[in-house]
Amino acid sequence: MEDLMKLMLAELQDFRKETNRKLDRLEAGQNELKDIMRHHSALTAENLTDIRLEVRGRQRDVEADVNLLFKELESVKRQTNKIDHMFRI
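Overview of the structure. Bear in mind that the values here come from a model prediction, so they are computed numbers and not experimental data. (Residues numbered from 1 in each chain as written. Predicted model: local features only at pLDDT ≥ 70, side-chain atom pairs only at ≥ 80, totals over all residues. Heavy atoms only, no water.)

Here's the deal with the overall build of the protein chain
Part 1 of the argument: Along the protein chain, the regular secondary structure elements total 1 helix and 0 strands.
Part 2 of the argument: Computed over the C-alpha atoms, the radius of gyration of the protein chain is 38 Å, more than 25% above the 12 Å expected from 2.2 N^0.38 for a compact globule of 89 residues.
Part 3 of the argument: Taken along its principal axes, the extent of the C-alpha atoms in the protein chain is 130 × 15 × 5 Å.
Part 4 of the argument: The proportion of buried residues among the 89 residues of the protein chain is 0%.
Part 5 of the argument: Here the protein chain has roughly 9,000 Å² of accessible surface; of this, 60% comes from carbon and sulfur atoms.
Part 6 of the argument: Each charge class in the protein chain was averaged separately, 17 positive and 18 negative side chains, and the resulting centres sit 8 Å apart. (Helix = DSSP H or I, 4+ residues; strand = E, 2+ residues; numbered from the N terminus. Rg over C-alpha atoms; globule rule 2.2 N^0.38 Å. Buried < 20%, exposed > 50% of the residue type's maximum accessible area, 1.4 Å probe, protein only. Areas by Shrake-Rupley, 256 points an atom, 1.4 Å probe, with all protein chains shown as cover. Lys, Arg positive; Asp, Glu negative; His and termini not counted. Charge placed at Lys NZ, Arg CZ, Asp CG, Glu CD.)

This is the structure we're talking about:
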């Protein structure tokens, strides 16, 4: 009976050691996942900032192009009106 108790105690100790080892690996894996998520979040924030700046720059370029086209259209329209006025007189 005493041998059986010693055997059970030894098995429980082995089980406890194995459980502690697995918990240590689990905690290490969780820390690794946290680091990965922090890194991913930082990269995502940088990328979104770059995208936002690029979109803002392109928007300004498009607005400048549209304004230029309107000015050119206005100039052409004035010239057309002058020519129409000349032929009407």
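Overview of a nonpolar patch on the surface
Part 1 of the argument: A contiguous nonpolar surface patch, about 590 Å² in accessible area, is contributed by Met1, Leu4, Met5, Leu7 and Met8.
Part 2 of the argument: By the secondary structure assignment, Leu4 is in helix α1 (residues 2-88).
Part 3 of the argument: Among the residues examined, Leu4 registers a relative accessible area of 46% and is labelled partly exposed. (Patch = residues over 30% accessible without salt bridge, like charges linked within 9 Å, V, L, I, M, F, W, Y side chains within 5 Å. Salt bridge = Lys/Arg side-chain N within 4 Å of Asp/Glu carboxyl O.)

Here we look at the environment of Glu54
Part 1 of the argument: Relative to the helices and strands, Glu54 is located in helix α1.
Part 2 of the argument: The exposure class of Glu54 is partly exposed, given its relative accessible area of 46%.
Part 3 of the argument: For the pair Glu54 and Lys77, spaced 23 residues apart in sequence, the C-alpha to C-alpha distance is 34 Å.

A few points about a positive patch on the surface
Part 1 of the argument: On the surface, Arg16, Lys17, Arg21 and Arg25 cluster together into a positively charged patch.
Part 2 of the argument: Looking at the secondary structure, you find Lys17 in helix α1.

Some thoughts on the pattern of salt bridges
Part 1 of the argument: One pass over the structure, following the stated rule, counts 5 salt bridges.
Part 2 of the argument: Between Lys22 and Glu18 there is a salt bridge, with the nearest N and O atoms lying 3.3 Å from each other. Highlighted residues: Lys22 and Glu18, both in helix α1, separated by 4 residues, approximately one helical turn.
Part 3 of the argument: Exposure remark for Lys22: the relative accessible area of 47% places this residue in the partly exposed category.
Part 4 of the argument: Among the ionic pairs, Arg78 bridges to Glu74, the shortest N-O distance being 2.5 Å.

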